[in-house]
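A look at the structure
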Amino acid sequence: MEKKIVLVTDDVEVNRVILREILKDEYNILEAADGLETMQIIHEKEDMLSAVLLDVIMPNMDGFAVLEHMGEEKLLDRVPVLLISADRSVEFERDGYQKGAFDFIHKPFDGLIVKVRLKRAVELYENKNHLNEVVSKQTELLQKQILQLKSQEKQLREMNSNIIDVMSSVLEFRNLESRLHVKRIRKYSLALAKMVMQNDSEYHLTPEKVECIGEASALHDVGKIGIPDSVLLKPGKLTPEEFEIMKTHTTKGASIINQLEWIEGEDIHQVSTDICLYHHEKYDGKGYPMGLKGDEIPIAAQIVSVADCFDALTSARCYKEPYSTDEAYSMIQKGQCGAFSPQMLKCLTLTMPEFKRIYEQYVDKL
Amino acid sequence: MLTIGIDYNEGVKRFSGNAAIYEKFLFKFLDDMTFEELDEAMQNHDYGTAFFAAHTLKGVTGNLSMNRLYQELVAFVEMLRNSTDLESAIAYYPKIKKTHLDLVSQLKSM
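This report concerns the structure included in the present document. (Residues numbered from 1 in each chain as written. Chains lettered and ligands numbered in written order. Predicted model: local features only at pLDDT ≥ 70, side-chain atom pairs only at ≥ 80, totals over all residues.)

1. Some details on the overall build of chain A
What counts here: What counts as a helix is a DSSP run of H or I of at least four residues, what counts as a strand is a run of E of at least two, and both are numbered from the N terminus. To sort residues by exposure, count the other C-beta atoms lying within 10 Å of each residue's C-beta; 20 or more gives buried, 12 or fewer gives exposed, and values between give partly exposed, all with C-beta atoms placed from the backbone. A residue pair is marked as a contact if its C-beta atoms, positioned from the backbone, fall within 7 Å.
Scanning chain A for helices and strands turns up 14 helices and five strands. Each of the 366 residues in chain A was classed as buried or not, and the buried ones make up 38%. Across chain A, contacts joining residues at least 24 apart in sequence account for 65% of those joining residues at least 6 apart.

2. Some details on the overall build of chain B
Within chain B, the regular secondary structure consists of six helices and zero strands. When each of the 110 residues of chain B is scored for burial, the buried share is 36%. Taking all contacts inside chain B whose residues are at least 6 apart in sequence as the whole, residues at least 24 apart take part in 51%.

3. Comments concerning the interface of chain B and chain A
The line we're drawing: Residues are sorted three ways: Asp, Glu, Lys and Arg are charged, Ala, Val, Leu, Ile, Met, Phe, Trp, Tyr, Cys and Pro are nonpolar, and all the rest, Gly among them, are polar.
If you look at the interface, chain B gives 15 residues, while chain A gives 13 residues. Secondary structure elements with two or more residues in the side of chain B that touches chain A: α2 (19–28) and α4 (47–63) of chain B. A per-class count over the side of chain B that touches chain A returns six nonpolar, seven polar and two charged.

4. A few points about helix α5 (residues 67–80) of chain B
Residue and element names in this part refer to chain B. The following threshold applies: Given the number of residues in a helix, its expected span is that number minus one, multiplied by 1.5 Å.
Compared with an ideal rise of 1.5 Å per residue, which puts 14 residues at 20 Å, α5 spans 20 Å between its outermost C-alpha atoms and is within 8% of the ideal. Along α5, the positions that sit buried rather than exposed are Leu69, Tyr70, Glu72, Leu73, Phe76, Val77, Met79 and Leu80. Those residues of α5 that are buried are in contact with α4 and α6 (86–108). Looking one or two residues beyond α5, the residue adopting positive phi is Asn82, at roughly 50°.

5. Quick notes on the sheet that holds strand β2 (residues 27–32) of chain A
Residue and element names in this part refer to chain A. Using the following cut-off: One bridge is not enough; two strands pair if DSSP finds at least two bridges between them. Fitted lines through C-alpha atoms serve as axes, helices being fitted only where they are in contact, and the angles separating the N-to-C directions of these axes extend from 0 to 180 degrees.
Strands sit in the order β2-β1-β3-β4-β5 across an open sheet of five strands; the sheet is parallel. Edge strands, defined here as strands with exactly one partner in the open sheet, are β2 and β5 (103–106). On average, each strand axis in the sheet is tilted by 25° relative to the strand beside it, whichever way the strands run. Across six bridges, the pairing between strand β1 (residues 4–9) and β2 is parallel. Residue pairing for β2: Ile5 is matched across the bridge by Asn28.

6. A closer look at the nonpolar core
Burial of nonpolar side chains together is a common tendency in soluble globular proteins. To be explicit about the condition: The nonpolar core criterion groups buried Ala, Val, Leu, Ile, Met, Phe, Trp, Tyr and Cys residues into a set whenever they are joined through C-beta atoms within 7 Å.
Ala51, Val52, Leu53, Leu54, Val81 and Leu82 of chain A together with Ala54 of chain B are the most contacted members of the largest nonpolar core, which has 63 residues in total. Among the elements that line this core, the one with the most residues is α5 of chain B, at seven residues. Apart from residues lying up to four places away in sequence, Val52 of chain A is in contact with Leu7, Ile42, Val79 and Val81 of chain A. Membership of the second largest hydrophobic core comes to 50 residues, among which are Leu219, Val222, Ala254 and Tyr362 of chain A.

7. Description of the pairing of strand β3 (residues 49–55) of chain A
All names here are of chain A. Quick note on the threshold: The path from the first strand over the helix to the second decides the hand: if it runs clockwise while the strands point away from the viewer, the crossover is right-handed.
In terms of burial, β3 is largely enclosed, as seven of its seven residues are buried. Relative to β3, β1 is paired through five bridges, and the arrangement is parallel. Bridging across to β3, Leu7 finds its partner in Val52. Here β3 pairs with strand β4 (residues 81–85) via four bridges, running parallel. Looking across to β4, one finds that Leu54 is bridged to Leu83. What joins β3 to β4 is helix α3 (residues 63–72), and the crossover it makes is right-handed.

8. Digging into the packing of helix α6 (residues 179–199) of chain A against helix α7 (residues 207–216) of chain A
All names here are of chain A. This is how it is decided: Geometric relationships in this document are graded by angle, where less than 35 degrees denotes roughly parallel, more than 145 denotes roughly antiparallel, 65 to 115 denotes roughly perpendicular, and other angles denote oblique. By the definition used in this description, the sense in which the near helix is turned from the far one sets the handedness, with an anticlockwise turn below a right angle giving left-handed and a clockwise turn giving right-handed.
Across the interface, α6 lies against α7 with an axial gap of 8 Å and an inter-helix angle of 155°. As far as their axial angle goes, α7 and α6 are roughly antiparallel. Here the hand of the crossing between α6 and α7 comes out right-handed. Along the contact surface, α6 presents Arg186, Ser189, Leu190, Ala193, Lys194 and Met197, while α7 presents Val210, Ile213 and Gly214.

9. Remarks on the packing of helix α3 (residues 34–43) of chain B against α4 of chain B
Residues and elements named next belong to chain B. Interhelical geometry of α3 versus α4 gives an angle of 155° and a closest axis separation of 8 Å. Of the possible angle classes, the one that applies to α3 and α4 is roughly antiparallel. Crossing geometry of α3 relative to α4 is assigned as left-handed. For the pair formed by α3 and α4, the contact residues are Thr34, Phe35, Glu37, Leu38, Ala41 and Met42 on the first element and Thr49, Ala50, Ala53, Ala54, Thr56 and Leu57 on the second. A class-by-class count of the residues in the contact of α3 with α4 yields eight nonpolar, three polar and one charged.

This is the structure:
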């Protein structure tokens, strides 16, 4: 193994020579005779130095000044400095430690003490530097992995988004929904979900879940694909039998979602299912298909249900003119579209300015 | 060598057993100007400079095992440190000067 390099500084030659004689078998010795020369060698050999034996009283910058410079340049974290002095006072050693010296060597030198102190300093710093290197390598690796995971997560999210887009364009293709309707439902649901997150901590909504509800809301009527045109596109009132068939768009939607096993991520899968299945449930239990009551209805479905009603009321149908946003608001508040929870109604009130903006921006142009 | 206040064996040991180098530096001590610096500073009452010169000499004499001069310098440096006891330092100085002179003249005659 190659010898380690140690810098010995002292303005008096005999002191350097003695240290060289003591250490030359185990180390390659560099020498400096004053403070400036010391700094110069430290800068040149920085990465190769295993230790510095530093005389305190030297011309052109003394040992303490060299220590301070090394401290400012963060070199003391990597290279141990042993101060050389004929002085054994407590005050001197305190000064030395405070300025970052690792240990001390006293004149007159004792060969064994010099060797042992230097060896311990070198070994300790080697271990320390090695550990730092290991830790920083691992940190680097972890950061790379985090970036990779983040990019995979982003890809998955984009994939889910694509699936949702494809599904909703199928509906559009069959003229069951307009593109703007899907867009509005997304915007209304997202806005309302944000409001619920801010006002009702009991539902434990997170920004991620809110995003998820917004996206999944586009799928609420996906089950309509499975309803025969004779029922779905019938211009007049549905018979009770036809209405029973119509109601199955909720369960059909859920089973379509459940076949999309390849949608990664628990949240989007669960939320989409909840929305398809329960967006016609009502707070008083009078909805369908299960007749769930109150908060038995998943929060995502409650949110999309409000958005869906609001959009139905403010849109034209072959049998009705559109209501204004204010009319729609008061009809929902009065329970004319079925019962909603008090929290939902409060959040709708708070979200109305945003609903109006969304309506203005995405209203069907006739 | 003990007679002139030098512990020769201890000195050789400090130079890792290399007697030739030790002796070389013993005689090189004759060319060292630090004592002249000290002497001049004492004459000029410049006790700050005197302290640093004495401190350097203390290190060198200790390392060369010039023990008599070294022991005297240890005491002398403490008197001069932060000008703690200048009166004693001034009174003590001739003794150091004599020890140094003896040492130098004996070294020269060897």
